[in-house]
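Understanding the architecture of this molecule
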Amino acid sequence: MSAADLQPAHVRERFPMTLAIPAPAVATSVPASSVTPRTWSFINRRTGEPASYTCMEGCTLNHASEMGSPTFPEDVWCWFWSNPLTLPVNENGTPEEFRVLSTVIKVEPWSPKVAERIPFAVIELVDDHFIDGLDPDGLATVIRTLSDRLQQMRETHRRLVAVRAEYMGRQART
Ligand SMILES: [Zn+2]
């Protein structure tokens, strides 16, 4: 799926790039436990009626563009943003810094998909490639899979060290 699929229409307009571009509205990230969820209001663009909403705990958006403004309810969403990690990835001959394994918690309280109305996780495996809609069991499954893969990578690292030592020692003898 594309990043655009994760973002309501108004966000796609403002931030056309990807999920992992932090909006200017992103506040300094604070541990969720120290944040009191904010309650704020917007005007339901469909009905013209005021609507009240309480953010997900730890939401790092400030919702400045929606507060008090005409907004489609399905365009209201919260997320918890953590610092991105990048690695040099070679896609077309020249390594470039790509975001890897960025994980956010998101909720879309009026989403047409009911499962998105409670908080879920989204992992950006590498730029613009996502695992979406993860409940806690789903996220745990991904973490377990990656953890197993890291174990294999450690074994490959040990093998590389040994193979190089043998190979270079052999060249030194000839
Ligand atoms: Zn929020």
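Now for a description of the structure that goes with this document.

Cut-off values and rules
- Residues numbered from 1 in each chain as written.
- Predicted model: local features only at pLDDT ≥ 70, side-chain atom pairs only at ≥ 80, totals over all residues.
- Helix = DSSP H or I, 4+ residues; strand = E, 2+ residues; numbered from the N terminus.
- Buried ≥ 20, exposed ≤ 12 C-beta atoms within 10 Å, placed from the backbone.
- Contact = placed C-beta atoms within 7 Å.
- Expected span 1.5 Å × (residues − 1).
- Core = buried A, V, L, I, M, F, W, Y, C linked by C-beta atoms within 7 Å.
- Pairing = 2+ DSSP bridges.

**A look at the overall build of the protein chain**
When helices and strands are tallied, the protein chain shows three helices and eight strands. From first element to last, N terminus to C terminus, the protein chain shows the α and β order α-α-β-β-β-β-β-β-β-β-α. Across the 174 residues that make up the protein chain, the buried fraction comes to 17%. Across the protein chain, every contact between residues at least 6 apart in sequence was considered, and the portion connecting residues at least 24 apart equals 47%.

**As for helix α3 (residues 136-173)**
Compared with the 56 Å implied by 1.5 Å per residue over 38 residues, the 55 Å span of α3 between its first and last C-alpha is a close match. α3 sits mainly on the outside: zero of its 38 residues count as buried.

**Some thoughts on the nonpolar core**
Ranked by size, the top nonpolar core spans 18 residues in total, and within it Cys59, Cys78, Trp79, Phe80 and Ala121 carry the most contacts. At the level of secondary structure, the elements contributing two or more residues to this core comprise β4 (78-80), β7 (120-126) and β8 (129-134). Filtering out sequence-adjacent residues up to four positions away, Cys59 remains in contact with Cys78, Trp79 and Phe80.

**Some details on the environment of Glu116**
As for its placement among the helices and strands, Glu116 is situated in the loop between β6 (95-107) and β7. On the neighbour-count criterion, Glu116 (19 C-beta atoms within 10 Å) is partly exposed. Along the sequence, Glu116 and Leu134 sit 18 residues apart, while their C-alpha atoms lie 9.5 Å from each other. Discounting residues that sit within four places of it in the chain, Glu116 has contacts with Glu108, Ser111 and Gly133.

**Concerning unusual backbone geometry**
Its identity is not glycine, yet His63 carries a phi of approximately 60°, on the positive side. Here His63 lies in the loop between β2 (50-54) and β3 (70-71). At Leu101, a residue that is not glycine, the phi angle is positive and equals roughly 55°. Considering the arrangement of structural elements, one finds Leu101 in strand β6. With 14 C-beta atoms counted inside 10 Å, the residue Leu101 sits in the partly exposed group.

**A closer look at the sheet that holds β2**
Reading across from one edge, β2-β1-β3 is the order of the three strands in this open sheet, with mixed pairing throughout. Looking along the sheet, the strands with just one partner apiece sit at the ends: β2 and β3. Note: strand β1 (residues 39-44) against β2, five bridges, orientation antiparallel. Across the sheet, residue Trp40 finds its bridge partner in β2, namely Tyr53.

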